[in-house]
Amino acid sequence: MLSFVRKAARSWVAAVLIGLLVVSFTIWGINDVFKGNSKDNVALVAGKPITSAEFRAEFDKILKRASKDAGKQISIKEAREQGGDTSTLERMVGERAFSWFFDKLGLKVATAVVQGEIKKISAFEDPATHTFSDYNYQQLLAQNGMDPTSFEQNVRYDMGKRLLSLAATSGFRAPKYYAVQTLAFGTERRLISMIPVPASLAGSAPIPTDAQINTLYEEVKPRIMRPETRDLTIVLAKPDKFIANAKVDPNQVKQIFETQKAKLGTPAKRTFVQIVAQDKAKADEAANRLKAGEAPEAIAKALGLQAPLNFTDSATDQIPDKDVANAVFAAKVGDVGSVKGALSFSAFKVSGAKAEIPADFAKASPEIIKQLSKELGAQALSDAAAAFDDAIAQGDDVEKAATKVGFEFVKMAGVTAQAIDPKTNQPLAIFAQNPDVLAQAFQLAQGDATDLLSAKDESYIAIRADKINVSSPVPLAEIKSQLAKEWTSREIAKRLKEKADAISKEASASGLEAAAKKFNLTIVKPPKPLLRGQGGQELGAAVFTAKKGAIVNAPMGNGVEYAIIRVDGIVRDDENKSPERLAKAENSVRGSVQQDLADAIDLMARKRAKAKTFPDRMKALFGDEAESAKPAKK
């Protein structure tokens, strides 16, 4: 298709096609061509659409930012699996609904207030002066795919929600009971005694059989899938080579120099002052006073004229009145005169003059040659592209066609859809700059090739899918040793759990001390109370849900060894002795209420704005088949 367009663009066919387009625009008008279809909208907020283009642009920004934060390219599929598409649309709807609702209430966060809030953000500070840096602000926004207008709108949205929720909770004090409970929960510690169950109780490390390793391999196989990769042949048609080989006609260089001589040289320039007058008498008087050495400003004021006009190093085409320009350029430095201009009279005094510097062929010709080479190279590249298409049409493979016309080609094996080089695990530069080209490469059947596609820097790229390596698990042979270690670790953990359950049963029946004696183990009493989050997730959950005197067992932080624990005591801060912490707890409750109110305001705004989303239209943007045309219920 592209080859047909390239050829047609040079023929009479192009003229006919353009003519038909003109006729159709004349008959139907161009408005409908560019007017968005309502079916293209992914949401409606207060009757106004969020278009597919707006949503996709925002989603792409979020994806780019997430990839940067993660330090690797995150694919669209990965982002959607985490709900990135739905959350992006919901956020856009929420922001627009609230902005509409805020306006309907007659409220507004002033731009100066928003900008003042932005200037408090430390990320925008100059590290040397520790003050707000507009340069850092612009750069950081650009790096994250944002602009000041949209960022200020986001800040205004957040401030508006915060102000409404603060207004709603102004004067609110959390009931002391809730603050006390919050303080108790946040400061609770547990005094414990424990019997560690060491890994040695599991006996010697078991060695798995091949059958056991195979069973574990089948279990973990879904988690060790390698992504689909493709072996590609890539044709690179760059303009540099054709520009370098361009043969510029010296006569053409001279011809261009002659026609552009006036622009290539530096014109004569004058520095002067001009006093505009309504009549010749005042212009002459102003000139006499200038000649006598009076200041131009004083002269204009004394004669009731406008302030003088000062021209510095001005060429003739920079002086509005051509008659004045002619008089000034005919004068010498220090000369004073008066002249009748096109619309008024003027007095002038010349204080500086620079002679014309004629165009220098030796200095100008390299740039002319450079531009001509670029034009000739671009034309040669276009001709070579057409020749490449012809060679492919006649049955040549991409390598042979590329060689014929002087294009480069490279072969890459194991390229992923995220354009990661399997050898370096880094993004491939060629596809980082041309993501759409890679997307087309992953739509090809094995053995098929794309047309020459337009790329960055006025280049062309064509890709052939030499081999498609379907997604598959890592071969068993590559990870057999790791699986054996994993099986052994699991078996030890299983044996330790059985041992811990037996010890725990004995401790519950006869006491922790008796159980320790029976199994020849030692009781450990930590010197400090156990805090929430210490000892691992499972151990912490078991201990902090148990009552005083209860015995529990849970895996320790390493996930293998176990501990049998008795809760000897529960310690909490006394609200009467910790007024500062109680105040903090009260603020925490208040903050929670404010957040609940902010969420309620969001829901109210969406309801008042009659917000609707169209998930199927959103999914269609990513190639999903639409299941329904109905909007989501809100």
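See the structure shown above.
Caption draft 1: Structural detail: the pattern of salt bridges. A complete count under the given rule lists 30 salt bridges for this structure. Put simply, Glu95 and Arg91 hold a salt bridge, and the shortest N to O gap is 3.2 Å. Here Glu95 pairs with Arg91, and both are found in helix α6 (residues 84–104), just 4 residues apart, close to one helical turn. Here Glu95 falls in the buried class, since its relative accessible area comes to 17%. You can call Arg91 partly exposed: its relative accessible area is 29%. Bridged by salt links that share partners, the residues Glu399, Lys411, Arg464 and Asp466 form one connected network.

Caption draft 2: The pairing of strand β1 (residues 41–45), seen in detail. For β1, the tally of buried residues reaches 4 of 5 residues, placing the bulk of the element in the interior. Hairpin connection between β1 and strand β2 (residues 48–51): a loop of 2 residues separates the two successive antiparallel strands, and Ala46 in this loop has a positive phi of roughly 55°.

Caption draft 3: Structural context of unusual backbone geometry. Phi is positive for Ala46, which is not a glycine, with a value near 55°. Structurally, Ala46 can be placed in the loop between β1 and β2. Taking the relative accessible area as the measure of exposure, Ala46 reaches 31% and is therefore partly exposed. One non-glycine residue with positive phi stands out, namely Asn520, at about 55°. Along the chain, Asn520 falls in the loop between α23 (512–518) and β14 (530–531). Overall, Asn520 belongs to the exposed group, its relative accessible area being 69%.

Caption draft 4: Seen up close, the packing of helix α11 (residues 210–220) against helix α22 (residues 476–510). The contact between α11 and α22 brings their axes to 9 Å, and the two run at 100°. It follows that α11 is roughly perpendicular to α22 by the angle criterion. On the side of α11, the interface is formed by Asp210, Gln212, Ile213, Asn214, Leu216, Tyr217, Glu219 and Val220, while α22 contributes Leu476, Ile479, Lys480, Leu483, Ala484, Glu486, Trp487 and Arg490. A breakdown of the residues in the contact of α11 with α22 according to their chemical character gives 9 nonpolar, 2 polar and 5 charged.

Caption draft 5: Quick peek at helix α4 (residues 52–70). Taking 1.5 Å as the rise per residue, α4 with 19 residues should run 27 Å; its terminal C-alpha atoms sit 26 Å apart, in good agreement. Considered for burial, the residues of α4 that qualify are Ser52, Phe55, Glu58, Phe59, Leu63 and Ser67. Each element contacted by the buried residues of α4 is listed here: β1, β2, α5 (76–81), α6 and α26 (615–620). A positive backbone phi angle near 75° is found at Gly71, which sits one or two residues after α4.

Caption draft 6: Just the pairing of β2, in detail. As defined by bridge partners, β1 adjoins β2 across 4 bridges and the pair is classed as antiparallel. By the bridge assignment, Asn41 is partnered in β2 with Thr51.

Caption draft 7: Here's a closer look at the sheet that holds β14. Pairing is antiparallel in the open sheet, where 4 strands are placed in the order β14-β3-β16-β15. Each having just a single partner strand, β14 and β15 (551–555) make up the two edges of the open sheet. Across 5 bridges, the pairing between β15 and strand β16 (residues 562–571) is antiparallel. Residue pairing in the sheet places Ala554 in a bridge with Ala563 of β16. Most of the contacts of α22 go to β16, to which it runs at about 45°, and overall it touches β3 (189–197), β15 and β16. Contacts from helix α24 (residues 537–544) reach β3, β14, β15 and β16 within the one sheet, and its direction differs from that of β15 by about 170°.

The rules behind each value
Residues numbered from 1 in each chain as written. Predicted model: local features only at pLDDT ≥ 70, side-chain atom pairs only at ≥ 80, totals over all residues. Heavy atoms only, no water. Salt bridge = Lys/Arg side-chain N within 4 Å of Asp/Glu carboxyl O. Helix = DSSP H or I, 4+ residues; strand = E, 2+ residues; numbered from the N terminus. Buried < 20%, exposed > 50% of the residue type's maximum accessible area, 1.4 Å probe, protein only. Pairing = 2+ DSSP bridges. Axes fitted to C-alpha atoms, helices over the stretch in contact; angles between N-to-C directions. Parallel < 35°, antiparallel > 145°, perpendicular 65-115°, else oblique. Contact = heavy atoms within 4.5 Å. Nonpolar A, V, L, I, M, F, W, Y, C, P; charged D, E, K, R; others polar. Expected span 1.5 Å × (residues − 1).

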